[in-house]
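Descriptive structure summary
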Amino acid sequence: MSRYILKRIFHMIPVMFGVSLIIFTLMFFIPGDPARQILGDKATEASISELRAELGLDKPFVVQYVNYIEGVLTGDFGISYTTKQPVSAELFARFPTTLLFAIISILVACIIGIPLGIISATRQYSFIDNISTTLTLLGMSIPSFWLGLMLMLLFSLHLGWFPATGFYGPKYWVLPSVTIGVTSAAFITRMTRSSMLEVIRQDYIRTARSKGQTEFKIITKHALKNAMIPVVTTIGLIFGASLGGQIITEQVFSIPGLGKLMIDAISQRNYPVVEGGVLLIAFSFTVINLLVDLIYAYIDPRIKSQFVIEKKKKESTALKGM
Amino acid sequence: MNLLEIKGLKIHYITDSGVVRAVNGIDLEINRGETLGLVGETGAGKTTTALGIMCQVPDPPGKVVEGEIFFEGSNLLEKNAREIRKIRGSKISMIFQDPMTALNPVVTIGDQICEVIRLHQKTSHAESIKIACEMLELVGIPAERINEYPHQFSGGMKQRVVIAIALACKPSLLIADEPTTALDVTIQAQVLQMMDKLKKELGTSMLMITHDLGVVAEICDRVAIMYAGEIVEYGTLEAIFNNTAHPYTKGLFGSIPSLVLDVERLSPIDGLMPDPTQLPTGCSFAPRCNEKMSECEERKPELFQVSPGHFSKCIHHKNEMHKESRGC
């Protein structure tokens, strides 16, 4: 198992290189000049070309990329053009906020989505199922910026329960987490329902019934574990996406997260921050994927045995070689 | 008193495209220690009958419309869900057709056997594991494999595990729904012999559902032939095999290749089973019968006794018998 994890970590290297190349190329060819942005409209051509030379922007593309990668490999993500702070410091100041919201919202989404999905599936076409299907449809179709604004209107302006914007304590977490969580909960409910519906028609559920097992135990002991694989995949994807995709929500609630940092950086042509941010998001995504795969192995012994078989095969070929 | 007595059982599936008459008023009896073979082609209603006995007809769309199922003297159809759960797995248990899908892939076989033991017997965790180990040894699987998962076993082994689960609480009735259909021929023989041996050891009665007359000849004491939801012939193994009465049963035997006779072609039964949503008004086998008379299409035949304990549901045959007896 640990061997498999090492192998997967090794696989992450080419992925990260690919991501860095793509984002660096995009930023290189994007119109707009950072030097001109920094110095403003009234700057002279001479001072602009001087700054370009200072930032290394006058060098050819390949040289710039190699320099950047060299820096990244030594842990240096460059200096932010606007704040003159190291990019890594800026990213790690913002990342925990985004991570916090991603974790809270996914927890809320799971707590609502999984039980609702199970109930919907076990009572298909019942009143509860119809209600939950309608709600999930709503949850999936509501744009998050609109939902955020509406929540603000109701809970901050009219009721005054929660503050509308800012990030100063748990009270400030509620509205943004709900905004992000509603869509995720809807997706998780749908996925749980359809996966559960498939599983409860399987023969082994019938076997469990013919043993005299109660319906509750049949669902919790036999069906749930089998139905969880697609749900775990969905949760992993949503979690990864919410790390990089809270941009709009962060903007609406003025939360100093990664998304807001990146939006600002893109409009200011702050290349090192954009590149560093994308690399960080890509890295978190691959880590989440790895975790999801490990959870698969924990849930399903058939998947786990594939890792072991791989290992055994290698051992047996090694023995033959001797 | 018989262990199981089914009287006039009717099970219908009510679907959007019509009412599927899967089981149309069957009567069956199983004595203690006896093996009854329930034979018929696909769609004859064999599995639905079995699910009916287990009170596990999927509802909706299935519904037991009429009839009574007496097990050890009490009507199963009048019991509530809790009482049924107590009987399922402990007194009546079932082996399903496909061993590949009958076991939960993410639970160890040990847990799956222990589950049924702990549901019905007041045993500690350790005791139930001990019983599970004994059951595994009984069906020919080494007990040290108890913590393995279903995917680590072959098809025949899985069916053995399913049998171990079914027999773990020493039920008085075992329903085996085509237990060997999904297995290799060589494994089939092994599994059948094992089932027969265990059945005799535990004194269990068995309802063997199959479409394989070879299996029937091997282990059954009595045979019921089922066609379009009805039992068309019913008798001891000898009576059915040596003194075949119903044209459908004759047709079934005609479509088995013989090792003794050198026949150029087999003689299958022409046509298909009638659509269960639109069963014919007369004898349901009449459209395919080569001994059909005009009367057959007009009225439903009743069971009549061919010889003591041997019944058949055929108007033509009944008339023939009458002529013979009058002639004498």
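Residues numbered from 1 in each chain as written. Chains lettered and ligands numbered in written order. Predicted model: local features only at pLDDT ≥ 70, side-chain atom pairs only at ≥ 80, totals over all residues.

1. So, the overall build of chain B
Applied cut-off: We count a stretch as a helix when DSSP gives it H or I for four or more residues in a row; a strand needs E for two or more, and each element gets its number in order from the N terminus. Every radius of gyration here is taken over C-alpha atoms, with the globule rule written as 2.2 Å times N^0.38, N being the number of residues. Any residue whose C-beta has 12 or fewer other C-beta atoms within 10 Å is treated as exposed, any with 20 or more as buried, and any in between as partly exposed, C-beta atoms being built from the backbone. C-beta atoms are placed from the backbone for every residue, and two residues are taken to be in contact when these atoms lie within 7 Å.
The helix and strand tally for chain B stands at 11 helices and 12 strands. Compactness check: chain B gives a C-alpha radius of gyration of 21 Å against a globular reference of 20 Å for 328 residues, within 12% of the reference. By the burial criterion, 46% of the 328 residues in chain B qualify as buried. Counted over contacts in chain B with a minimum sequence separation of 6, partners at least 24 positions apart contribute 65%.

2. As for the pairing of strand E4 (residues 62-71) of chain B
Residue and element names in this part refer to chain B. Let me state the cut-off plainly: DSSP bridges decide pairing: two strands pair if at least two such bridges lie between them.
Both strand E1 (residues 4-15) and E4 contribute to a ladder of eight bridges, which runs antiparallel. Across the sheet, Lys7 pairs through a bridge with Glu68, a residue of E4. Bridging between E4 and strand E5 (residues 74-75) involves two bridges; their strand directions are antiparallel. Looking at E5, one finds that Phe70 is bridged to Asn75.

3. Regarding the UniProt feature "domain: ABC transporter" (unreviewed entry) in chain B
Our working rule: UniProt positions are given in the numbering used here, feature names are shortened, and annotations may be inferred rather than shown by experiment.
UniProt marks residues 6-253 of chain B with the feature "domain: ABC transporter" (unreviewed entry), using the numbering shown here. Taken end to end, residues 6-253 of chain B comprises 39% helix and 27% strand; its first and last C-alpha atoms sit 27 Å apart.

4. Structural notes on the domain arrangement of chain A
All names here are of chain A. Cut-off, in case you're wondering: Reported domain spans reflect what an automatic or database domain assignment gives. Gly counts as polar in this scheme, as do all residues outside two lists: the nonpolar Ala, Val, Leu, Ile, Met, Phe, Trp, Tyr, Cys and Pro, and the charged Asp, Glu, Lys and Arg.
Under the domain assignment, chain A is made up of domain 1 (2-73) and domain 2 (91-317). Computed from C-alpha atoms alone, the centre-to-centre distance between domain 1 and domain 2 is 32 Å. At the level of elements, helix H1 (2-29) and helix H2 (34-39) are the ones that each hand at least two residues to the side of domain 1 that touches domain 2. Broken down by class, the residue content of the side of domain 1 that touches domain 2 amounts to nine nonpolar, three polar and two charged.

5. Looking at the nonpolar core
Heads up, the condition is: Connectivity within a nonpolar core runs through C-beta atoms within 7 Å, and the core itself is a set of buried Ala, Val, Leu, Ile, Met, Phe, Trp, Tyr and Cys residues.
The biggest cluster of nonpolar side chains holds 149 residues, and the ones touching the most others in it are Ile113, Ala164, Ile175 and Leu207 of chain B. Composition of this core by domain shows at least three residues from each of domain 1 (2-73) and domain 2 (91-317) of chain A. Not counting chain neighbours up to four residues away, the residues in contact with Ile113 of chain B comprise Ala132, Met135, Ala164, Ile165 and Ala168 of chain B.

6. Notes on the sheet that holds strand E7 (residues 173-177) of chain B
All names here are of chain B. Keep this limit in mind: Convention adopted: a line fitted to C-alpha atoms gives each axis, helices being fitted over their contacting stretch, and angles between N-to-C directions are expressed from 0 to 180 degrees.
The eight strands are arranged E6-E7-E8-E3-E9-E10-E12-E11 in an open sheet whose pairing can be described as mixed. Looking at which strands have only one partner, the edges of the open sheet turn out to be strand E6 (92-95) and strand E11 (304-307). Within this sheet the neighbouring strands show an average axis-to-axis angle of 20°, counted without direction. In this structure, E6 lies alongside E7, joined through four bridges in parallel fashion. Bridge assignment links Ile92 to a residue of E7, and that residue is Leu173.

7. Let's talk about H1 of chain A
The following threshold applies: Take the number of residues in a helix, subtract one, and multiply by 1.5 Å to get its expected span.
With 28 residues, H1 of chain A extends 42 Å from end C-alpha to end C-alpha; this agrees with the ideal 40 Å at 1.5 Å per step. In terms of burial, H1 of chain A is largely open, as just two of its 28 residues are buried.

8. Considering the UniProt feature "transmembrane region" (unreviewed entry) in chain A
Residues and elements named next belong to chain A. Annotation from UniProt places "transmembrane region" (unreviewed entry) at residues 12-30, 99-122, 134-161, 173-192, 227-248 and 278-299. Helix makes up 82% of residues 134-161 and strand 0%, with an end-to-end C-alpha separation of 27 Å. Taken as a whole, residues 173-192 contains 100% helix and 0% strand, while its terminal C-alpha atoms sit 27 Å from one another.

9. Quick word on the packing of H1 of chain A against helix H13 (residues 271-299) of chain A
All names here are of chain A. Our working definition: Oblique is the label for any angle not under 35 degrees, not over 145, and not in the 65 to 115 range, which are roughly parallel, roughly antiparallel and roughly perpendicular in turn. Throughout, a crossing is termed right-handed when the near helix is turned clockwise from the far one, and left-handed when it is turned anticlockwise from it by less than a right angle.
Look at H1 against H13: their axes get within 10 Å of each other, and the N-to-C directions meet at 150°. For the element pair H1 / H13, the angle class is roughly antiparallel. Handedness of the H1/H13 crossing: right-handed. For the pair H1 and H13, contact is made by Arg8, Met12, Val15, Met16, Val19, Ser20, Ile23, Phe24 and Met27 and by Tyr271, Val274, Glu275, Val278, Leu279, Ala282, Phe283, Thr286 and Leu290, respectively. Class assignment for the residues of the contact of H1 with H13 results in 14 nonpolar, two polar and two charged.

10. Overview of the interface of chain A and chain B
Across the boundary between the two partners, chain A contributes 19 residues, which contact 24 residues of chain B. For the side of chain A that touches chain B, the element with the most residues is helix H9 (residues 203-210) of chain A, which contributes six residues. Of the residues contributing to the side of chain A that touches chain B, the split by class is three nonpolar, nine polar and seven charged.

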